[in-house]
Amino acid sequence: MLTQQIVNGVMLGAIYMLVAVAFTLAIGVLNFLNFSIPGLFMLGGMLAFGLMAKGWPSLLAFAGALAAAAFVSLLVERLAFRPMQNGDPEVPLVSSLGFLVLLENLMLVAYGSDQQAFPALLPDLNIRIGGLVIGIAQMVSLGLSLALVALLSYVLTATNAGRRIRTVAENRETALILGVDISRLVPQLFIASALLAALAGILFAVNYQQVSPFMGEGVGFKGVAAMIVGGMGSIWGAVLGGLLIGLAEVLSISYIGADVVNITVYGLLLLILIVRPQGLLGRAPSREKL
C-alpha cells in the first residue's frame with residue numbers, strides 16, 4: 001500500500017532529519033564536516049541499551065547516553081577541532097573520523113559485533129485509519145524530531161544566542177570584533193549537535209528495537225546526503241532532505257528491492273546535485289548560512 005510506505009518513509013526520515021541537522025550545525029557554522037556524528041548516533045543507542053541492561057530505568061538510561069555523547073563531543077572539539085581549526089580543513093575531518101572508529105571499536109569490545117535486541121518500551125499500540133497503520137513509537141519520534149528542529153530554528157532566528165551563532169557562521173573575524181565569545185560558543189554547538197545525533201540513535205533503537213556498534217555508518221552517510229539534498233547550511237533544508245531520503249529508501253525497498261536501496265538514495269543525491277547544485281533550499285552561488 002503506497003500510503004503506508006509513505007508514512008513509513010516519513011517516520012524513517014525523522015531519524016535522518018536529526019542526523020542531518022547535527023551535521024548542518026557543524027558545517028553551517030564551523031565549516032567542519034564532523035564525522036564523529038555517526039559515532040555519537042551509535043553511542044546514543046548502544047549506551048541506552050547497555051545501561052538498561054544493567055537495570056537502569058529507561059529515562060535515566062537515555063539521559064546517561066545523552067550525557068556521555070555530549071562529553072565525547074566536547075573531547076572531539078578539544079582534541080580534534082580546536083588545535084587545528086585554523087589549519088588545513090581536512091585535518092580535523094580526519095581526526096573526527098578517528099573518533100568514529102574509536103567509538104565503534106569500544107562498543108565492539110563491550111558488546112560484541114552482533115546486533116542486540118533493544119527492549120520494547122512503548123505499548124504495542126497502533127493508530128489505524130482505514131488500512132493505514134501508524135505505530136505509537138513512530139508518532140512519538142516524528143513529533144519529537146519536528147519539535148526539536150522547530151525549537152532550534154526559533155533559537156537561531158529569534159534569540160541573542162542565535163544571532164551570535166549566525167554572526168560566526170557569516171564571518172568569524174567580524175564576530176570576534178563584535179565581542180562574540182567564540183571559545184564558549186563552539187563547544188556549545190558541539191554539544192547541541194551531539195545531543196541531536198545521540199537522540200536520533202535512541203529513537204532509532206526504540207523504533208526498530210535493535211542496536212549494533214556499526215549502526216551509525218549507514219545512517220551517517222544518509223544524514224550527509226540529506227543535508228546536501230536539502231541545501232548545506234539550511235536547517236529546514238536538512239529536514240526536507242531527511243524526509244526525502246527516508247521516503248526514497250522505504251519506497252525503493254518496497255517496489256524495487258532492498259539490493260538497490262543505495263543506488264536509489266545516492267542516485268537521488270546525484271540528481272539533485274546535477275539539477276540544483278546548491279540543494280533544494282540552498283541559495284546560489286554561496287552556501288546558505290543558518
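Scroll up a little and you will see the structure.
Presented here is a report on the structure given in the accompanying data block. (Residues numbered from 1 in each chain as written. Predicted model: local features only at pLDDT ≥ 70, side-chain atom pairs only at ≥ 80, totals over all residues. Heavy atoms only, no water.)

**Re the packing of helix 2 (residues 37-53) against helix 8 (residues 182-208)**
Point 1. Axis separation between helix 2 and helix 8 bottoms out at 7 Å; the angle between their running directions is 50 degrees. As far as their axial angle goes, helix 8 and helix 2 are oblique. Pair helix 2 / helix 8 crosses with right-handed handedness. Note on element contacts: helix 8 touches helix 2 through A194, A197, A198, A200, G201, I202, F204 and A205, opposite I37, L40, F41, G44, G45 and A48.
Point 2. When grouped by side-chain class, the residues that make up the contact of helix 2 with helix 8 number eleven nonpolar, three polar and no charged. (Axes fitted to C-alpha atoms, helices over the stretch in contact; angles between N-to-C directions. Helix = DSSP H or I, 4+ residues; strand = E, 2+ residues; numbered from the N terminus. Parallel < 35°, antiparallel > 145°, perpendicular 65-115°, else oblique. Left-handed = near helix turned anticlockwise from the far one by under 90°. Contact = heavy atoms within 4.5 Å. Nonpolar A, V, L, I, M, F, W, Y, C, P; charged D, E, K, R; others polar.)

**As for a nonpolar patch on the surface**
Point 1. On the surface, a nonpolar cluster with roughly 410 Å² of combined accessible area is contributed by L2, I6, Y255 and I256.
Point 2. Within the fold, L2 resides in helix 1 (residues 2-30).
Point 3. When its relative accessible area of 48% is taken as the criterion, L2 is described as partly exposed. (Patch = residues over 30% accessible without salt bridge, like charges linked within 9 Å, V, L, I, M, F, W, Y side chains within 5 Å. Areas by Shrake-Rupley, 256 points an atom, 1.4 Å probe, with all protein chains shown as cover. Salt bridge = Lys/Arg side-chain N within 4 Å of Asp/Glu carboxyl O. Buried < 20%, exposed > 50% of the residue type's maximum accessible area, 1.4 Å probe, protein only.)

**Looking at the environment of A197**
Point 1. In this structure, A197 sits in helix 8.
Point 2. A197 gets classed as buried once you look at its relative accessible area, which sits at 0%.
Point 3. Once you skip the residues sitting within four places of it in the chain, A197 turns out to touch A22, I37, L40 and F41.

**So, unusual backbone geometry**
Point 1. Unusually for a residue other than glycine, N31 sits at a positive phi of about 55 degrees.
Point 2. By secondary structure assignment, the location of N31 is in the loop between helix 1 and helix 2.
Point 3. Judged by relative accessible area, which is 52%, N31 ranks as exposed.
Point 4. Of note, Q209 is a non-glycine position whose phi angle comes to about 55 degrees, a positive value.

**Focus: the side chain of S145**
Point 1. Positionally, S145 belongs in helix 5 (residues 136-158).
Point 2. With near-sequence residues (within four places) excluded, S145 lies in contact with A14, M17, L18 and L203.

**With respect to the layout of surface pockets**
Point 1. Volume-wise, the largest pocket comes out at about 480 Å³.
Point 2. If you trace the largest pocket, you find 22 residues lining it, with Y16, F204, Q210, V219 and E249 closest to the centre.
Point 3. Contributing elements (two or more residues each) for the lining of the largest pocket: helix 1, helix 8, strand 4 (210-211), helix 9 (215-230), helix 10 (235-255) and helix 11 (261-275).
Point 4. Among the elements that make up the lining of the largest pocket, the one with the highest residue count is helix 9 (five residues).
Point 5. Classifying every residue of the lining of the largest pocket by side-chain character gives eleven nonpolar, nine polar and two charged. (1 Å grid on protein atoms, 1.4 Å probe; cavity = no way out; pocket = protein on both sides within 12 Å on 5 of 7 lines; lining within 4 Å. Points joined across faces, edges and corners; volume = space filled by probe spheres on them.)

**Details of the pairing of strand 3 (residues 132-135)**
Point 1. Bridge analysis of strand 2 (residues 126-129) against strand 3 gives four bridges, and the strand direction is antiparallel. Bridging from a neighbouring strand, N126 pairs with G135 of strand 3.
Point 2. Adjacent in sequence and paired antiparallel, strand 2 and strand 3 are bridged by two residues, among which G130 carries a positive phi angle near 65 degrees. (Pairing = 2+ DSSP bridges.)

**What about the packing of aromatic side chains?**
Point 1. Per the counting criterion, the structure on display carries six aromatic pairs.
Point 2. Ring centres of F41 and F204 lie 5.8 Å apart, and the angle between their planes is 65 degrees; this geometry places the pair in the edge-to-face category. In this pair, F41 is assigned in helix 2 and F204 in helix 8, connecting sequence segments 163 residues apart.
Point 3. With a relative accessible area of 14%, F204 lands in the buried category.
Point 4. Three or more aromatic residues joined by ring pairs form one cluster here, namely F32, F81 and F190. (Phe/Tyr/Trp six-rings, centres within 6.5 Å; stacked < 30°, edge-to-face > 60°.)

**Focus on the packing of helix 2 against helix 4 (residues 90-111)**
Point 1. Contact pair helix 2 / helix 4: the axes reach a minimum separation of 9 Å and the direction vectors enclose 20 degrees. The angle between helix 2 and helix 4 falls in the class roughly parallel. When the axes of helix 2 and helix 4 are compared, the crossing they make is left-handed. For the pair formed by helix 2 and helix 4, the contact residues are P38, G39, L40, M42, L43, M46, L47, F49 and G50 on the first element and L100, L103, E104, M107 and Y111 on the second.
Point 2. Residue classes in the contact of helix 2 with helix 4 are distributed as eleven nonpolar, two polar and one charged.

**Overview of the side chain of E104**
Point 1. As for its position among the elements, E104 is in helix 4.
Point 2. Although E104 is buried, it makes no salt bridge; K222 carries the closest opposite charge, 14 Å away.
Point 3. Those residues in contact with E104 that lie beyond four places of it in its chain are M42, P213, F214 and E217. (Lys, Arg positive; Asp, Glu negative; His and termini not counted.)

**Some points on the environment of S254**
Point 1. Tracing the backbone shows S254 in helix 10.
Point 2. Separated by 249 residues in sequence, S254 and Q5 place their C-alpha atoms 7.5 Å apart.

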